[in-house]
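Residue-level structure breakdown
Spelled out, the chains give:
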Amino acid sequence: MRRPACFLACAVLSFACATLVASQSIEVDLSHPTNHFVPNETLGAGVDRIAVEAIDKDLQQPTLGQTLASGWQPVTYRQNTELAVEAWHWNPQGTWSDGSGAGGKGYFTGSATPTEMIRYSYGYSLPRRGFTRNDGTDNVGFSRLTDGDLNTVWKSNPYLTQRFTGESDALHPQWVVIDLAQVQQVDSIRIAWAEPYARRYVVQYWTGDDPIKAVTRGTWQAFPQGTVTSGKGQTETIRLSGNPVAVRFLRIWMTESSNTCAGAADSQKNDSQKNDPRDCVGYAIRELYLGNSTDDGEFHDILRHTPDQEQTTTYCSSVDPWHEPSDLGSTKQAQVGFDLFFTSGVTRGLPAMVPVAMLYDTPDNAAAEIAYLEKRNYPISYVEMGEEADGQYMLPEDYAALYLQWATAIHRVDPALKLGGPSFQGVNKDIEVWPDANGKVSWTGRFVDYLKLHGRMNDLTFFSFEHYPYDPCRTPWGMLYDEPELMSHIMQVWHEDGIPASMPMFITEGNLSSGASETYQDIFAGLWLADYIGSFLNARGKGVYFFHYLPLQMEPGCNSSPGTFGMFTIDANYRIQQPLAQFFVAQLINLEWVQPGGSEHQVFAAKSDVQDGAEHELVTAYVVKRPDGKFALMAVNRDQQNAHRVRIAFAGEPDRSTSFAGPVEVSTFGSAQYQWHPAQTRFMAHAENSGERTIVATSKGWADPDGPIVHTRLSPTRDTVYELPAASVVVIRGNLAAAKN
């Protein structure tokens, strides 16, 4: 909105000057609270896998003390190994299903008996993998389906078979998808099966654009001769059609297993080690070939077979968690060991949300983890089951089948534990999957349907998801206007999918985006954070966890600029250099807006009439009634150039309103207190070709000024006009005057 000339003249003056221009308003609805929460249960932060040297330094003073000064309360422990398709050894000590110690292999179960302190834990890559890449991690190794090695196999997860689910394998079809990268003419496929193999399967092609990214914009169509009802295993070459078909994506959809064991029993094994039943169920493929057959029967393969990311890309439904000690990769990155996590002080002694690995693990390992934590008397608030199943392209019925097996195993250890999931990736719309037999495509809806069908809805005590709404390389200022609607919309979507209104919802990871950029250092990130937390609580959220809690330096992100993912810049030795905008806004939220501690707060809706010409809401407001009886209003001025002056009115009944009454405390943090200066860059010409230029960062970015929050006190009346500086978050806290007609 275009402002009067005197507005700019008053921008740097006191509150009294505000009466020179027409004021606008924020109205608070006190008729009923929209939510209630307890800060030390609701406003938390997340700890994830990071560099080992970061673990060693971030959990020591003074860094830990500076981190805790942000005010975030409970902690959620993120289970990162699922994203990299790894088995999690939460305890380095444990037993293998086939042998023991360094010579063991198979399925690993961590020791439930505490011995020495666990400082780090690691993920082990899965040798039976079928992913070339996934959504959780761009580069996750390579698939065994097109690696050119007949001695390696992809194998599906045995826990998705009738032996473990108790229901027909046809209800949990397993699949692999081949992406040819471009449309090609094919008429034949060759499958080198391992044991067990598929007796019934169908080979299909996709009629749309991309079945991985756009699952509802196309259909899977069976090749004319692509249906197999009596597969024999070994190596099968199938003529899929009489004439070549133009395809880019192809799927093998498997519905009946041979249930034959992988290899003959080893004479060196004792009876208890022979023929692990998990080796004898599901589906296994050594290598895939696709192309054309000539009239003389010669097969011509068009796939690229190589053990790296250059191979023909494949995706798969699931992966067998079988592995061996040599599958431990780099130990430079680690999960914080549970003992260090709970004793370092990062949890503040509060109950923590802990994860169990589920997509690529065993129920025994999950149950052992819980037993270990309880033997150590570590307080657990909730248990999150797996991480980002949607990023692993897992169908909801498969996730649900694993969920129930893991829930049964964990509740044998402690029936009172509160379990939930599925910890979706941060999305802004409903997650859709290929339609089921009824045409239903909602992942959440089908997950809920499965639990209800099995009479196990009570095993889901909370619903969790992540929130990363923006692309880090494309965040124009106007995106700030979207956050409240994005938040309320996605939570409404989950309810429409079948999540009960009474079920607690948690955002167990959240920030601007999942990638680093200098946007995180700018005041933009602080304003977004205030809107994010406020709108989540307005939408009846139960708990929200800021991510990433511990200081870390990210690799250069957009435009070759170094990025920080969190609240601080740090040096090469992980020493904190500067607090960033999100640190100061975290303090506003946790130490000024709410009353720290374990007492209940009520949330009330608020609305401003400050808009621009495009009807963007330039000022948002979030109101809580604190246990000390005071009301606190957090106002976010998203106008990066102009201050705005507002009157604040509280209304509870028709024709009855009130306002703040003195003394009132005002805490302000905005562009006058904090300005980020991006990394300076210069162009360097290549010596061998002066026409080429390379962007070179000559220094890291810095903030100047870099705080602090400004605190003032007022004695307002009903007619007081409050100043909201440009690009700022302002918390106004005090008592209310008696309501008047």
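Before reading on, note that the structure itself is shown above.
Heads up: these notes are all about the structure in this document. This structure is a prediction, so every number in the text was calculated from the model and none was measured.

1. What about the packing of aromatic side chains?
A full pass over the atoms with the stated rule returns 46 aromatic pairs. When the ring of Trp 72 is compared with that of Phe 546, the centres are 5.4 Å apart and the planes differ by 10°; the resulting orientation is stacked. Placement of the pair is Trp 72 in the loop between α4 (63-68) and β5 (75-77) and Phe 546 in strand β26 (residues 543-546), with a sequence separation of 474 residues. Phe 546 matches Trp 72 in its accessibility class, with the two residues each being buried. Each ring, one from Tyr 77 and one from Phe 341, has its centre 5.1 Å from the other, and the planes form 85°; the classification is edge-to-face. You can see Tyr 77 sitting in strand β5 and its partner Phe 341 sitting in helix α6 (residues 338-343), a full 264 residues away along the chain. Across this residue pair, the class does not change: Tyr 77 and Phe 341 are buried. Taken together, Tyr 77, Trp 88, Trp 90, Phe 338, Phe 341, Phe 342, Tyr 372 and Tyr 378 form an aromatic cluster joined through their ring pairs.

2. Quick word on the sheet that holds strand β42 (residues 728-736)
The seven strands are arranged β2-β29-β31-β32-β42-β35-β40 in an open sheet whose pairing can be described as antiparallel. Sheet topology places β2 (35-37) and β40 (710-714) at the edges, where each strand pairs with a single neighbour. Direction aside, the axes of adjacent strands within the sheet are offset by 20° on average. Here strand β35 (residues 660-670) runs beside β42; their pairing, made up of eight bridges, is antiparallel. Across the sheet, Ala 661 pairs through a bridge with Asn 735, a residue of β42.

3. Points about the environment of Gln 578
Take Gln 578: it is sitting in strand β28 (residues 576-579). When the C-alpha atoms of Gln 578 and Ala 703 are compared, they prove to be 7.6 Å apart, with 125 residues separating the residues in sequence. Excluding its chain neighbours within four sequence positions, the residues that come into contact with Gln 578 are Met 567, Phe 568, Thr 569, Trp 676, Trp 702, Ala 703 and Asp 706. Here the side chain of Gln 578 touches Ala 703 through a polar contact of 2.7 Å, landing on its backbone oxygen. For Gln 578, the side chain forms a polar contact with the side chain of Asp 706, separated by 2.9 Å.

4. Structural notes on the environment of Ser 513
Topologically, Ser 513 is positioned in the loop between β25 (505-510) and α11 (523-538). In this structure Ser 513 comes out as buried when scored by relative accessible area, which is 2%.

5. Quick notes on the packing of helix α10 (residues 483-496) against α11
Two packed helices can be described by the angle between their axes and the distance between those axes. Where α10 contacts α11, the axes come no closer than 9 Å and their chain directions differ by 35°. As α10 runs across α11, the sense of the crossing is right-handed. Contact residues: Glu 483, Pro 484, Met 487 and Met 491 in α10; Trp 528, Asp 531, Tyr 532, Ser 535 and Phe 536 in α11. Its residues assigned to classes, the contact of α10 with α11 shows six nonpolar, one polar and two charged.

6. Considerations on the sheet that holds strand β6 (residues 86-89)
Strand order in the open sheet formed by four strands is β4-β20-β9-β6, and the pairing between neighbours is antiparallel. Taken across any chain shown, the strands that pair with only one partner, and hence form the sheet edges, are β4 (50-51) and β6. In this sheet, strand β20 (residues 333-336) lies alongside β4 in antiparallel orientation, the contact comprising two bridges. Of the residues in β20, the one forming a bridge with Ile 50 is Ala 334.

7. Considering helix α9 (residues 443-453)
Across the 11 residues that make up α9, a large majority, eight, are buried. Along α9, the residues that are buried comprise Trp 443, Thr 444, Gly 445, Arg 446, Phe 447, Val 448, Tyr 450 and Leu 451. Here the buried face of α9 lies against α8 (396-413), β23 (419-424), β24 (462-467) and α10.

8. Let's talk about the side chain of Asp 361
Its location among the elements puts Asp 361 in the loop between β21 (352-356) and α7 (363-375). In this structure Asp 361 is buried but unpaired, with Arg 278 as the nearest side chain of opposite charge at 8.5 Å. Only 3.0 Å separates the side chain of Asp 361 from the side chain of Asn 365, close enough to count as a polar contact. Other than its neighbours up to four places away in sequence, Asp 361 contacts Trp 88, Phe 108, Tyr 159, Pro 321 and Trp 406.

9. Quick look at the pattern of salt bridges
Scanning the entire structure with this criterion turns up 28 salt bridges. A salt bridge links Arg 78 to Glu 466, with the nearest nitrogen and oxygen atoms 3.7 Å apart. Here Glu 466 lies in strand β24 and Arg 78 lies in the loop between β5 and β6, a separation of 388 residues in the sequence. One exposure class covers both Arg 78 and Glu 466, and it is buried. Put simply, Glu 617 and Lys 607 hold a salt bridge, and the shortest N to O gap is 3.4 Å. Of this pair, Glu 617 sits in the loop between β30 (606-608) and β31 (619-625) while Lys 607 sits in strand β30, and the two are 10 residues apart along the sequence. Residues joined by salt bridges that share partners form a network here, namely Arg 78, Glu 384, Glu 387, Glu 466 and Glu 509.

10. Considering helix α12 (residues 581-593)
When you tally the buried positions in α12, you get 12 out of 13 residues, the bulk of the element. For α12, every residue scored as buried is listed here: Ala 581, Gln 582, Phe 583, Phe 584, Val 585, Ala 586, Gln 587, Leu 588, Ile 589, Asn 590, Glu 592 and Trp 593.

11. So, unusual backbone geometry
With glycine set apart, most residues show a phi of negative sign, and most peptide bonds adopt trans. The omega angle of the peptide bond from Phe 547 to His 548 is 10°, so this bond is cis rather than trans. Position of His 548 relative to the elements: it lies in the loop between β26 and β27 (568-570). Residue Pro 663 follows Gly 662 across a cis peptide bond; omega there is -5°. Considering the arrangement of structural elements, one finds Pro 663 in strand β35. Although it is not a glycine, Ala 181 adopts a positive phi angle of roughly 75°. Following the sequence through the fold, Ala 181 ends up in strand β11 (residues 174-186). Overall, the relative accessible area of 57% leaves Ala 181 in the exposed class. Positive phi, normally seen in glycine, also occurs at Ala 727, with a value near 50°.

Calculation rules
- Residues numbered from 1 in each chain as written.
- Predicted model: local features only at pLDDT ≥ 70, side-chain atom pairs only at ≥ 80, totals over all residues.
- Heavy atoms only, no water.
- Phe/Tyr/Trp six-rings, centres within 6.5 Å; stacked < 30°, edge-to-face > 60°.
- Helix = DSSP H or I, 4+ residues; strand = E, 2+ residues; numbered from the N terminus.
- Buried < 20%, exposed > 50% of the residue type's maximum accessible area, 1.4 Å probe, protein only.
- Pairing = 2+ DSSP bridges.
- Axes fitted to C-alpha atoms, helices over the stretch in contact; angles between N-to-C directions.
- Contact = heavy atoms within 4.5 Å.
- Polar contact = N/O pair within 3.5 Å; in protein donor to acceptor, adjacent residues only side chain to side chain.
- Left-handed = near helix turned anticlockwise from the far one by under 90°.
- Nonpolar A, V, L, I, M, F, W, Y, C, P; charged D, E, K, R; others polar.
- Lys, Arg positive; Asp, Glu negative; His and termini not counted.
- Salt bridge = Lys/Arg side-chain N within 4 Å of Asp/Glu carboxyl O.

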